[in-house]
Amino acid sequence: MSLKVEFKYLNGFADSADFDAIAGKTELARSLLYENRANAAGNAFHGWVNLPFDYDKDEYCRIKAAAKKIRGDSEALVVIGIGGSYLGARAAIEFVKSKNYNVFGASPKVFFIGNTLSPVETSEILAYCEDHDFSVNVISKSGTTTEPAIAFRLFRELLVKKYGAEGAAARIYATTDANKGTLHDVACKFGYERFTVPDDVGGRYSVLTAVGLLPIAAAGVDIDALMAGARASLEAYLVPGLDKNDCLRYAAARNILLQKGRSVEMMISYEPDFTMMNEWLKQLFGESEGKDGKGIFPASAIYSTDLHSLGQYVQQGQRLMFETVNVFDTPKADITVGADASNADGLNFLAGSALSKINSSAFMGTVLAHTEGGVPNIIVRGSAMDEFTLGELIYFYEKACAVSGYILGVNPFDQPGVEMYKRNMFALLNKPGYEDAKARLVAKYGNDII
């Protein structure tokens, strides 16, 4: 394990008595994932718990083969999905490669579409694909989720136009239910290569399944090392006890801070390549905990950039937040600041200093300022932004989220509130079967909403 969690900046915010008081709840929450699983809410979606070891090895080999084919015949891979069907893969690619991955001559470029209804973004990627060889990985358990279904229709039409029906079919990879659903049936009818969204793994926990692994591998990320990191994390966090298990201690700390009025968790990093990991974490914790009037609100920032926009509020605003800071000891690259004879900018005191050292000093200076200003900090420290560390992080946060949700007293594996906007949207679009919903909206808000 390269992953370490530092709790020393909780001094004054959470003490040993707080951890002793919550230890029983934490142990019960842990047991719901293992010995007491039969009594756990959402236990049908515990498949991620042993996934780093217990996965379909034959499909894993097919994922590698498909990724190799895509890298050989496509200048772009269009990944169509929303929520957990794209966030993990995009986060992984940007974490290991760069958030500028597509800018610097990547082959294939990887575009994520079907996660918005914006005509602007969709038309831009369609225009690029008109002039370049491309493949599509469409990801949907059902195939009927509106945003990706619309995008798939548009990109499938372009594939057929460019390559013909058979050629298009050879460039479409469908990640969907193993046995049923609209996308499953379409894939079988037209002969798309199919990969499985496991029945026992929910979308936001699915990055280490075919949902995430195919686009991640197509981008040239080493998925063997990714899975090895997840296995290391799984084994390291099996032991019970808050003093021996940093994952359990982090889950407990979040709930202690919530009990003390810290209802917002700021996910922080000092590397812009962590931006989409923040987005994945926001879905993971937001969908898992935000229900029944409960939950910690997940927010995020990239420092030092956002210290010049949000920094004032964090330092001196309402004392409603805590920060979980993700830092990495070895940067992907480094630069040394040179000397200047005139020293007109007054920066010669930094001459000979690596930019990573300056960034690290900004991190430490901020942690000290924020904790002294009344903002608790937890540090999650990895060795490097590589595949192994990423695997460790993914499993660490998945397990911490599940345990934290059980401590909180919610089902961490459902998301009933997500369906509410869909019913209203379908009613406003006159989808058959939603006439009563439309009538209710008109009665409440008037005809001007149509």
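In short, a report on the structure. (Residues numbered from 1 in each chain as written. Predicted model: local features only at pLDDT ≥ 70, side-chain atom pairs only at ≥ 80, totals over all residues. Heavy atoms only, no water.)

Topic: the sheet that holds strand 4 (residues 134–139)
Then, in step 1: One open sheet holds the five strands; their spatial order is 3-2-4-5-6, and the pairing between them is parallel. Of all strands in the sheet, those with a lone pairing partner are strand 3 (109–113) and strand 6 (193–196), marking the two edges. Along the sheet, successive strands turn relative to each other by an average axial angle of 20°, direction set aside.
Then, in step 2: Sheet topology note: the strand 5 (residues 172–176)/strand 6 ladder contains four bridges and is parallel. Within strand 6, the residue paired with Ala174 across the bridge is Arg194. (Pairing = 2+ DSSP bridges. Helix = DSSP H or I, 4+ residues; strand = E, 2+ residues; numbered from the N terminus. Axes fitted to C-alpha atoms, helices over the stretch in contact; angles between N-to-C directions.)

Remarks on helix 10 (residues 275–289)
Then, in step 1: A rise of 1.5 Å per residue sets the reference length of helix 10, with its 15 residues, at 21 Å; its end C-alpha atoms lie 21 Å apart and thus fit the reference within 8%.
Then, in step 2: Its buried side turned inward, helix 10 meets helix 3 (87–96), helix 9 (246–259), strand 7 (264–269), strand 8 (297–302) and helix 13 (387–408). (Expected span 1.5 Å × (residues − 1). Contact = heavy atoms within 4.5 Å.)

Re the sheet that holds strand 10 (residues 377–384)
Then, in step 1: On the basis of which strands lie adjacent, the open sheet formed by five strands has the order 1-10-9-7-8 and mixed pairing. The open sheet has two edge strands, strand 1 (4–6) and strand 8, and neither has a second partner. With direction set aside, neighbouring strand axes in the sheet form an average angle of 20°.
Then, in step 2: Both strand 7 and strand 8 contribute to a ladder of six bridges, which runs parallel. Paired with Met266 across the strands is Ala299, a residue of strand 8.
Then, in step 3: Against the sheet, helix 13 makes contact with strand 1, strand 7, strand 9 (321–330) and strand 10, and its axis sits at roughly 150° relative to strand 10, the strand it touches most.

On their own, these measurements won't tell you what the molecule is for.
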